[in-house]
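One-letter residues, chain by chain:
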Amino acid sequence: MSDIIQLLPDHVANQIAAGEVVQRPASVVKELIENSIDAGATSITLLLKDAGKTLIQVIDDGKGMSATDARLSFERHATSKIKDAQDLFNLNTKGFRGEALASIAAIAHVELKTKQEDDELGTQIKIEGSEITSQEVVSTAKGTSIAVKNLFFNIPARRNFLKSDTVETRHIVDEFQRVALAHPTISFLLHHNNNEVYHLKKSNLRKRIVAIFGTKMNEKLVPINEQTDIITVNGFVAKPEFAKKKRGEQFFFVNDRFIKSSYLNHAVVNAFEGLLESGSHPSYFLYLEVPPNTIDINIHPTKTEIKFDNEKALYAILRATVKHSLGQYNVAPVLDFDRDATLDTPYDYSKKSNSSVPPITVDPTFNPFKTETNYKEPSNTNSSPKSSTTHSYQSNFKKDTGSWEALYTNTETIEPIQQEQLFESEQETETGKTFQIQKKYLLSSIKSGVVLIHQSLAHQRVLYEEFLENITVKEASSQQLLFPVNISFSSSDIEMIYSIKSDLESAGFMFDEFTKESVVIAGIPTSISESQITLILEQLLDDIKLEVPDSSFSHFDVMAKSFAKSLAIKTGTSLNLKEQENLVNNLFSCKEPNISPFGKPTFKTLALNEIDAIFNK
């Protein structure tokens, strides 16, 4: 029997390995920018075309490479960051595996220009699919310029899995923001399709956060500063009143490296206990400095997960630090309130015990309806006969004006009426066919049994079909705002809103002005209120960041889903009988009443025989 195990060719092995490092254009951006930082760059420029699918170019002023290093850098497991295995436990650089450039060169056209400061001329290398096509001497500036063109040109199936330009751009911006926040002393420039997106100058941390997320962020930040033997914590958290419904601006950095940690996130959220509304998430920018030998970074290809030696201690310190800062800057409520001395009881009065209760006098003859002075109300209503009571108020009715001057009724005459109305209202309730359960579900009777409806998901389906019809079939109606609303967003969010401006206008929005940090809205769809504008746009941006298909109809579909999710009644909302019946009727008038816009079932039917089976077990 012949041997069946064989070594894969280098170009095939490189393409397979590239799948771990390069998942999308944002992965290339992350690796290249981190290489520039490791090279000691003070200024980094990122140029993009077509969301990085056509071009990703990173230009830096770092120390550059020699001709030999430039060629060797594209070999797998070739790196200048570490020399032996022990260095993995004392990492001070972003990269260390020596896989990034080799993986990128295996699936793209790469052009590298680099020059060291003491050299007169630099080196240019061109690579296509791991094959070096040319190497020559060129005149170039100090530092390195690397251009990655036609990503996944030799793996068309992988290229087809990429999302739309909007989504891929968003992922690139996320990676760019993470690196820029970690290194405020480095200047960054980002251009996409010849448009400047970010121009970040050298600054401190607070200014860098404001430059990325807008000037409105400055008033939201609460400083964090704590130094212990095992960890140093610096950064900012946002005030509780600026918490968001979605997890957006949450950044952890360990030794200037962005990481994701649900464990540390729980510590921060726990510090906000009692200060946040249900379902809200705090924003934070926290920088942790720990000894390199107490962490392990080499557990995931993206290097965004870290293993700590003493997680429990870090959790306690982080929670206490955030809680202390919230109290120190008067963000959290305290019990030591300032008193108004003028409201205190004087000391000489406090010991007096001879105070008497003030007398209360009641006029039993007072009648607010009485207009004639000669009319006198009976002093004892309980002893007066029923007939005299009837005569009493009948005698005060003026036939010429048709009005009552005095209305006097015995309690005995009111009681039967109240009881009768009470029984009537109960009877009407019992005849209703819809009931609300725990302010979450609606129970409605049908001929074959009962139907249990999830009120929030059902309302999402109703609103979704209504919005989709208004956007695509009918001409969306818009209401002009008396005072235009100015809403602040980050630069990347503003660019995203501008990219779907025409679609939003088709939905009924009207825009007055776009700036780098805000958008002025002059009109909104008639189906939403002014107070819901910010919530709806934030929800829409979050949904677009997740996925936006390329077809225009699907663009509208995402908008309709987002609007429905934002405006649907939430669990815990009490509905009266009329609202319950309207929701049920509207749901079963929909084209697809059985599922929500997000594929979840909206109702469940229980036939009579199924109910009988429950009790006949």
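Residues numbered from 1 in each chain as written. Predicted model: local features only at pLDDT ≥ 70, side-chain atom pairs only at ≥ 80, totals over all residues. Heavy atoms only, no water.

Points about the overall build of the chain
In plain terms, the rule: Numbering goes from the N terminus for both helices and strands, where a helix is a DSSP run of H or I of at least four residues and a strand is a run of E of at least two. For the exposure calls, accessible area comes from a 1.4 Å probe over protein chains only, and a residue counts as buried if that area is under 20% of its type's maximum, exposed if over 50%, partly exposed in between. Residues are treated as being in contact if the distance between any of their heavy atoms lies within 4.5 Å.
Check the secondary structure of the chain and you find 19 helices and 24 strands. Here the chain, with 617 residues, has 41% of them falling under the buried criterion. Looking at the chain alone, contacts between residues at least 24 apart form 67% of all its contacts between residues at least 6 apart.

A few points about the nonpolar core
The test is simple: To qualify as a nonpolar core, a set must consist of buried Ala, Val, Leu, Ile, Met, Phe, Trp, Tyr and Cys residues joined through side-chain atoms within 4.5 Å.
Residues Ile-33 and Leu-46 are the most contacted members of the largest nonpolar core, which totals 56 residues. When residues in this core are grouped by element, the largest group, seven residues, is from helix α6 (residues 165–182). Leu-46 has contacts with Val-29, Ile-33, Ile-56, Gln-57, Val-58, Ile-172, Phe-176, Leu-189, Leu-190 and His-191, leaving out every residue within four places of it along the chain. Ile-497, Ala-507, Ile-533 and Phe-563 belong to the second largest nonpolar core, which has 35 residues in total.

Comments concerning the sheet that holds strand β23 (residues 518–525)
What counts is decided by this rule: When DSSP finds at least two bridges between two strands, those strands are taken to pair. The axes are straight lines fitted to the C-alpha atoms, using for helices just the contacting stretch, and the angles between their N-to-C directions are given from 0 to 180°.
Read from one edge of the open sheet, three strands run β21-β23-β22, paired in antiparallel fashion. Lying at the two open borders of the sheet, with one neighbouring strand each, are β21 (478–488) and β22 (510–514). The mean inter-strand angle of the sheet, taken between neighbouring strand axes irrespective of direction, is 15°. By the bridge criterion, four bridges tie β22 to β23 in an arrangement that is antiparallel. By the bridge assignment for β23, Phe-514 is matched with Val-519.

Comments concerning the side chain of Gln-580
Mapped onto the elements, Gln-580 comes out in helix α18 (residues 577–587). For Gln-580, a relative accessible area of 6% puts it in the buried group. Those residues in contact with Gln-580 that lie beyond four places of it in its chain are Thr-434, Phe-435, Gln-436, Leu-442 and Leu-575.

Thoughts on the environment of Glu-495
In this fold, Glu-495 is placed in helix α14 (residues 491–499). Linking Glu-495 and Lys-516, residues 21 residues apart in sequence, is a C-alpha distance of 8.2 Å. Those residues in contact with Glu-495 that sit more than four places away from it in its chain are His-192 and Val-197.

Overview of the pairing of strand β18 (residues 434–437)
Of the strand pairs in this sheet, β18 and strand β19 (residues 441–446) are connected by four bridges, and their pairing is antiparallel. Within β19, the residue paired with Gln-436 across the bridge is Leu-442.

Description of the packing of aromatic side chains
Where we set the bar: Ring pairs shown here join Phe, Tyr and Trp side chains whose ring centres sit within 6.5 Å, with only the six-membered ring taken for Trp; geometry is labelled stacked below 30 degrees between planes, edge-to-face above 60, and tilted in between.
Tallied over the full model, the rule gives 17 aromatic pairs. Centre to centre, the rings of Phe-251 and Phe-258 are 6.1 Å apart; their planes meet at 65°, and the pair counts as edge-to-face. Its relative accessible area of 6% is what places Phe-251 among the buried residues. Exposure remark for Phe-258: the relative accessible area of 12% places this residue in the buried category. With a centroid separation of 5.1 Å and 45° between ring planes, the pair formed by Tyr-263 and Tyr-315 is classed as tilted.

Section: unusual backbone geometry
Phi at Phe-152 is positive, roughly 60°, even though this residue is not glycine. Relative to the helices and strands, Phe-152 resides in the loop between β6 (143–149) and α5 (156–160). For Asn-193, which is not a glycine, the phi torsion comes out positive at approximately 50°. Structurally, Asn-193 is set in the loop between β7 (187–192) and β8 (195–200).

Things to note about the packing of helix α8 (residues 262–271) against helix α9 (residues 311–328)
What counts is decided by this rule: Orientation is classified from the angle alone, with under 35 degrees giving roughly parallel, over 145 giving roughly antiparallel, 65 to 115 giving roughly perpendicular, and any other angle giving oblique. Helix crossings are classified by the rotation of the near helix relative to the far one: an anticlockwise turn of less than a right angle makes the crossing left-handed, while a clockwise turn makes it right-handed. Throughout, the ten residues Ala, Val, Leu, Ile, Met, Phe, Trp, Tyr, Cys and Pro are labelled nonpolar, Asp, Glu, Lys and Arg are labelled charged, and all others, Gly among them, are labelled polar.
Interhelical geometry of α8 versus α9 gives an angle of 30° and a closest axis separation of 8 Å. Considered as vectors, α8 and α9 are oriented roughly parallel to each other. The hand of the α8/α9 crossing is right-handed. Across from Tyr-263, Leu-264, His-266, Ala-267, Val-268, Asn-270 and Ala-271 in α8, the residues of α9 making contact are Glu-311, Lys-312, Leu-314, Tyr-315, Leu-318, Arg-319, Val-322, Lys-323 and Leu-326. Taken together, the residues of the contact of α8 with α9 break down into 10 nonpolar, two polar and four charged.

Side note on the pattern of salt bridges
Defined as follows: Throughout this description, the term salt bridge denotes a Lys or Arg side-chain nitrogen within 4 Å of a carboxyl oxygen of Asp or Glu.
The full count for this structure, using the stated rule, is eight salt bridges. For Glu-175, the salt bridge goes to Arg-178, with nearest N and O atoms at 3.3 Å. Here Glu-175 and its partner Arg-178 are both found in helix α6, three residues apart, which amounts to about one turn of the helix. A salt bridge links Glu-465 to Arg-461; the shortest N-O distance between them is 2.9 Å. Note that Glu-465 and Arg-461 are positioned in helix α13 (residues 455–472) at a spacing of four residues, about one turn of the helix.

Notes on helix α7 (residues 205–213)
Each α-helix winds once per 3.6 residues, and so residues spaced three or four apart point in a common direction. Among the residues of α7, those classed as buried are Leu-205, Arg-208, Ile-209, Val-210, Ile-212 and Phe-213. Once α7 ends, the next one or two residues include Gly-214, with phi positive near 100°.

Describing the sheet that holds strand β2 (residues 55–60)
Across the sheet, which stays open at both edges, the eight strands sit in the order β5-β4-β3-β6-β2-β1-β7-β8 with mixed pairing between neighbours. Sheet topology places β5 (131–138) and β8 at the edges, where each strand pairs with a single neighbour. Going across the sheet, the axis of each strand differs from the next one's by a mean of 10°, ignoring polarity. Each of β1 (43–49), β7 and β8 touches α6; the most contacted strand, β7, lies at about 175° to it.

Examining the pairing of strand β10 (residues 232–238)
With respect to burial, β10 is a largely interior element, six of its seven residues being buried. As consecutive antiparallel partners, strand β9 (residues 221–227) and β10 are separated by four residues. As paired strands, β10 and strand β13 (residues 284–289) are joined by six bridges and run antiparallel to one another. Paired with Thr-232 across the bridge in β13 is Glu-289.

Topic: the side chain of Gln-455
Take Gln-455: it is sitting in helix α13. Not counting the four nearest positions on each side in its chain, Gln-455 is found in contact with Gln-436, Lys-439, Lys-440, Tyr-441, Leu-442, Ile-569, Lys-570, Thr-571, Gly-572, Thr-573, Leu-575 and Leu-583.

Considering a negative patch on the surface
Note the following rule: Exposure above 30% relative accessible area and the absence of a salt bridge qualify a residue for a patch, where like charges join within 9 Å and nonpolar side chains (Val, Leu, Ile, Met, Phe, Trp, Tyr) within 5 Å. Computed with the Shrake-Rupley method and a 1.4 Å probe, the accessible areas treat only the protein chains shown as cover for residues. Here the positive residues are Lys and Arg and the negative ones are Asp and Glu; neither His nor the chain ends is included. A single reference atom marks each charge: NZ on Lys, CZ on Arg, CG on Asp, CD on Glu.
On the surface, a cluster of negative charge is made up of Glu-117, Asp-118, Asp-119 and Glu-120. Positionally, Asp-118 belongs in the loop between β3 (109–115) and β4 (122–128). Looking at Asp-118, the relative accessible area reads 75%, which means it is exposed.

Quick look at the confidence of the model for the chain
Caution is warranted with low-pLDDT regions, since their predicted coordinates should not be read in detail. What counts is decided by this rule: The score called pLDDT rates the predictor's confidence residue by residue, from a low of 0 to a high of 100.
On average, the chain scores 79 in pLDDT, and the residues at 70 or more come to 78%. Predicted confidence for residues 377–432 stays below pLDDT 50, and this span has 32 contacts to residues more than four positions away or in other chains. Across residues 548–553, where pLDDT falls below 50, the model places eight contacts with residues more than four positions away in sequence or in other chains.

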